[in-house]
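Chains, contacts and geometry: an overview
The lines below spell out each chain.
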Amino acid sequence: MTSGPTFELYGIAHLVVLVATLALALLAGRAAERDDVGGLARMMAWLLLCAAALKPILYVSIYGQPLAQSLPLDLCRINEFLCAFMLLARAYRVFEIAYFLAMAGSTSALLMPDLLHGFPDPRFVTFFFSHGLSVIAVLYAVLAFGFRPTLGSVGRVMVFLALYAAAIAAINLLIGSNYLFLCRKPEGASLLDFLGPWPVYVVAMFAIAIAACFLCYLPFAFRRKQI
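Residues numbered from 1 in each chain as written. Predicted model: local features only at pLDDT ≥ 70, side-chain atom pairs only at ≥ 80, totals over all residues. Heavy atoms only, no water.

Attention now goes to the packing of aromatic side chains. A complete count under the given rule lists 15 aromatic pairs for this structure. Seen in terms of ring centroids, Phe-160 and Tyr-164 are 5.7 Å apart; in terms of plane orientation they differ by 10 degrees. Their pairing is stacked. In this pair, Phe-160 and Tyr-164 are both assigned in helix α6 (residues 151–175), four residues apart and thus about one turn of the helix distant. Taking relative accessible area as the criterion, Phe-160 reaches 23% and is therefore assigned partly exposed. (Phe/Tyr/Trp six-rings, centres within 6.5 Å; stacked < 30°, edge-to-face > 60°. Helix = DSSP H or I, 4+ residues; strand = E, 2+ residues; numbered from the N terminus. Buried < 20%, exposed > 50% of the residue type's maximum accessible area, 1.4 Å probe, protein only.)

Using the criterion set out here, one finds zero disulfides in the structure. The thiol sulfur of Cys-183 is not disulfide-bonded, and the nearest other cysteine sulfur, from Cys-76, lies at 18 Å. (Disulfide = S-S within 2.5 Å.)

With that settled, the discussion passes to the packing of helix α3 (residues 75–89) against helix α4 (residues 92–111). Between two packed helices, what matters for the description is the angle formed by their axes and the separation of those axes. Across the interface, α3 lies against α4 with an axial gap of 9 Å and an inter-helix angle of 140 degrees. Here α4 runs oblique to α3, going by the angle between their axes. Every pair of crossing elements has a handedness; the one defined by α3 and α4 is left-handed. For the pair α3 and α4, the contacting residues are Leu-75, Cys-76, Asn-79, Leu-82, Cys-83, Phe-85 and Met-86 in the first and Val-94, Phe-95, Ile-97, Ala-98, Leu-101, Ala-102, Gly-105 and Ser-106 in the second. Each residue belonging to the contact of α3 with α4 can be placed in one class, and the counts come to twelve nonpolar, three polar and no charged. (Axes fitted to C-alpha atoms, helices over the stretch in contact; angles between N-to-C directions. Parallel < 35°, antiparallel > 145°, perpendicular 65-115°, else oblique. Left-handed = near helix turned anticlockwise from the far one by under 90°. Contact = heavy atoms within 4.5 Å. Nonpolar A, V, L, I, M, F, W, Y, C, P; charged D, E, K, R; others polar.)

Let's shift gears to the nonpolar core. Counting 39 residues, the largest nonpolar core has Met-86, Leu-87 and Phe-100 as the members making the most contacts within it. At the level of secondary structure, the elements contributing two or more residues to this core comprise α1 (12–32), α2 (39–62), α3, α4, α5 (122–145), α6 and α7 (200–226). With nine residues, α4 is the single largest residue contributor to this core. Among all residues touching Met-86, those that are not within four sequence positions of it are Ala-91, Val-94, Phe-95, Ala-98, Ala-137, Val-138, Ala-141, Phe-145 and Phe-147. Ranked by size, the runner-up nonpolar core spans ten residues in total, among them Phe-7, Phe-124, Phe-128 and Val-135. (Core = buried A, V, L, I, M, F, W, Y, C linked by side-chain atoms within 4.5 Å.)

Spelled out as structure tokens, the structure:
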């Protein structure tokens with residue numbers, strides 16, 4: 001059951017958040033040109049860490065969700081930590097993973113969120129805040145740090161996804177969770193409904209992830225050819 005306003009896909013609140021995320025990304029890009037001391041990078045990093053720490057507390061203590069279902073183990077949540085570390089340490093190898101998780105994963109979540117609660121529910125706010133900030137963080141790293149994904153980066157993120165999915169599958173078996181939807185589809189309607197039954201849709205998800213990563217790499221591939 002939900003209380004308060006329900007989420008409306010591409011309703012006013014959703015559209016405002018998408019426009020605000022785009023505007024903030026553009027502003028961060030402009031700021032990247034003169035952020036020599038990295039103050040903006042550090043601020044975004046600590047905001048991401050605070051959001052990642054707040055959400056399990058919010059879901060367990062206020063909304064009564066079981067701890068096993070509230071751990072920060074889905075890819076977008078893990079990427080909040082990766083983005084924070086990347087910004088603080090200016091770590092290119094971490095950027096290679098974070099870029100694809102943000103541009104393929106967080107962007108998809110922003111456009112097609114698996115969300116029941118509308119604005120101003122804290123779950124709505126934290127969802128869009130963390131996903132939007134992850135996208136802004138990797139774009140900032142491209143502009144401020146000069147980081148660029150390579151074709152090798154696509155291969156490395158695929159290896160990361162395969163190893164991470166294997167680890168999460170084991171955790172799901174141990175605690176009865178369903179992170180990455182490896183055990184079953186979401187209860188509500190989702191794009192996974194079009195990908196066949198288990199385990200067919202799991203293989204299809206990985207294939208889609210590969211395609212999405214190549215799409216996210218294409219702008220940099222074309223730029224290298226032009227240079």
